[in-house]
Amino acid sequence: MARFARLALWRQSHGPQGRPAARPDPGPPGPPEDPATAALRRYVAWCDRRLEAVAITEGLHLRLVGAVEGQTTITLRVRLAGTPTRADLRRLLTLGGAIGQALATSAARIVETAGGVEVQIPHPHPWTPTAEELAIHTQGLRRLAIGLDAYRRPVTLDLTAAPHLAAIGPTRRGKSAALAAALYGLALVLPPRRLAYLVLAKKAASWAPFAAAAGCLGVITDPAEQEAALAWLVEVLDQRAATGTKAPAILVLADDWHNLTAVAALAEPMAYLAALGGELAIHCWLTAQTTGTGAGFTQALEQNMTTRLVYGAGDTAAAARFAGRGGTGAELVGRHPGDAILIRDGEPQRVATAWLDPRLAAMLPPGELPTPWRERVYTANTTNTGVHRPAATPLASAHAAPRDALPEGAEVVYTGVDGVSGVDTPPTPWTPDHLPTPAEAAYIRAYRAGHSLNQTTATIYGSKNAKTAGLVKVATGGELSAAELAQIRSLAPEYAPNPQNAPGTIVQARADNPTALTPLAAVVTAEIPGEIDLETADGRALLGELWRSGELHWTSEE
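Just so it is clear, the structure is predicted and the values come from calculations on it, not from any experiment.

Draft legend 1. Structural detail: the overall build of the chain. In terms of regular secondary structure, the chain is built from 18 helices and 20 strands. Among the 558 residues that make up the chain, the fraction classed as buried is 46%. Total accessible area on the chain is roughly 27600 Å²; 53% of this is exposed by carbon and sulfur atoms.

Written out as structure tokens, the structure is:
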């Protein structure tokens, strides 16, 4: 300790008159000190002696008032003894290099706080917090635990006040892990009706455990689909602006922004979302190794990313660029994964962000949300904002997809089960409330021959889900998943696929023998009586067959 502290200790031990004070009875010895704690105590004592040497050399009177062990740092709290002057404080705040040399580290960071001046030095044996540690402090969008401070207290963000977040710094510092841990905390406490999230990434493996979670819209690595997803989200924002809708909150997370924007046009729509989305519960998170236009940022996007996690920098200039302001000491952090400076409202704070065990994300409640951008063909329809928006119609058009364009003036011609000629996009989507009729099945097979399953389903039924995909597979003879089969049987409980029939043949159980299967074409082409007696089992069975074939319509549905 410095000279003032030593004088205080001397008076405490010798009394006011300089005579040795009576020593109290020490009492019985306590349990032996933990070796790690004893080693840390010796290390802090050594740091105290080294600080004293620097203070004496610089003519300052320092007092060590406490030491705190964090995850990645050891924080030494010091005070200027007596009545410090402004010049003394300025001199102390510029002694980072000298103190770092004395403490054998190049990363000593000196910060002025209300409780005194803090000297933050790297922990000799650092560790990174876990997502579980942070998740217990996350309560929703208004309280998201993003890390732990130097005193091991949770640091939380209010996403309703500062909706967007950027993690910036060199590779392998913990940026993606930090956002994955934060996303896990939100997904754990918010159901899909309150939060949906979309991940754009270069590497699917890092985010694959989230893909099956109930609130996940998708983990997208294909550049074209990433553009389509952001175009859809821009449309959602415009709809919310018109209607005032704010639920559910939607979070789009872009991992490795520089490399994403190198192959996909994402900067303009993301800037649009960042500028207007906060008020409408649309949040933008991203990770990047640097900032600026060369890294895919537009000026508007960068200015709206006011909350940042900075994981180190090569020099003070880069640190100021990453943080958006100078004097943060961000160039001195990041020696250990998760060690970062949180910039919030322009104020820097040292935090230790977390890492996520992938098994935790895989245990989130499963579910499936619709993916509208996969059900539409987007065109380069731009407005004065420069943001790509979807085409006016949700259906495919010749202009939107030249490769799949059909001859102009083509008409749908139904020629029975054997084939269809002149297939074109139907004028309106079909209602998925019955199994395809033989003519409809033939049409679906003909259209499917030149299009993907997603395109076929979205074009014919207007959207793709387990039911509509199942109907297309019924018509084309595709193998049904368990979810699709359940949806088909909700329409026709007796439906069963018959692998012995040709692909696309729709079969159903015969009324007289449920174990026998009859092609639906036979039912439809059979002679139908003018009247159906619903008092008999045969009449009720025939009514059901006509309903499921689509040949029967109630008056209210005409």
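Draft legend 2. How the structure looks around empty space enclosed by the protein. Under the criterion given, the structure shown has two cavities of 30 Å³ or more. Counted as a void, the second largest cavity has a volume near 40 Å³. Residue lining of the second largest cavity: Gly70, Gln71, Thr72, Thr73, Leu148, Asp149, Ala150, Arg350, Val351 and Ala352, and that is the complete set. When residues of the lining of the second largest cavity are assigned to their parent elements, the largest contribution, three residues, is made by strand S14 (residues 347–352). By residue class, the composition of the lining of the second largest cavity is four nonpolar, four polar and two charged.

Draft legend 3. Seen up close, the packing of helix H15 (residues 466–476) against helix H16 (residues 482–491). The N-to-C vectors of H15 and H16 enclose an angle of 85°; their axes lie 8 Å apart at closest approach. In terms of axis orientation, H15 runs roughly perpendicular to H16. Contacts between H15 and H16 pair Ala466, Lys467, Ala469, Gly470, Leu471, Lys473 and Val474 from the former with Ala483, Glu484, Gln487, Ile488 and Leu491 from the latter. When its residues are assigned to classes, the contact of H15 with H16 shows seven nonpolar, two polar and three charged.

Draft legend 4. Broad picture of H16. Inspection of H16 places Glu484, Ile488 and Leu491 among the buried residues, and these make up the whole buried set. Down the axis of H16, the sector holding all buried residues measures 50°, keeping them to one side.

Calculation criteria
Starting from 1, residues in each chain are numbered consecutively following that chain's sequence as written. Local features are withheld for residues below a pLDDT of 70 in this predicted model, meaning they are given only at 70 or higher, and side-chain atom pairs are given and counted only at 80 or more; totals for whole chains, interfaces and linings count all residues. Side-chain calculation: all heavy atoms of the structure are included, whereas hydrogens and water are not. Secondary structure elements are defined from DSSP: runs of H or I of at least 4 residues count as helices, runs of E of at least 2 residues count as strands, and each element is numbered from the N terminus. Exposure classes here rest on a 1.4 Å probe applied to the protein chains alone. A residue is buried below 20% of its type maximum, exposed above 50%, and partly exposed in between. For the area figures, the Shrake-Rupley method with a 1.4 Å probe applies, and any residue is considered shielded solely by the protein chains shown. Method remark: on a 1 Å grid restricted to protein atoms, a set of points is classed as a cavity if a 1.4 Å probe fits but cannot get out and as a pocket if it is open with protein on both sides within 12 Å along at least five of seven lines; lining residues have an atom within 4 Å of a point. Grid points are joined across faces, edges and corners, and a volume is the space filled by probe spheres set on the points. Residues are sorted three ways: Asp, Glu, Lys and Arg are charged, Ala, Val, Leu, Ile, Met, Phe, Trp, Tyr, Cys and Pro are nonpolar, and all the rest, Gly among them, are polar. Interaxial angles span 0 to 180 degrees and are taken between N-to-C directions of axes, which are lines fitted to C-alpha atoms, for helices over the stretch in contact. Any angle that is under 35 degrees is reported as roughly parallel, and any over 145 degrees as roughly antiparallel; angles of 65 to 115 degrees are reported as roughly perpendicular and all others as oblique. Throughout, a residue-residue contact means that at least one pair of heavy atoms, one from each residue, lies within 4.5 Å. Here the arc refers to the set of directions running from the helix axis out to each C-beta atom.

Any link to function would need more than the numbers given here.
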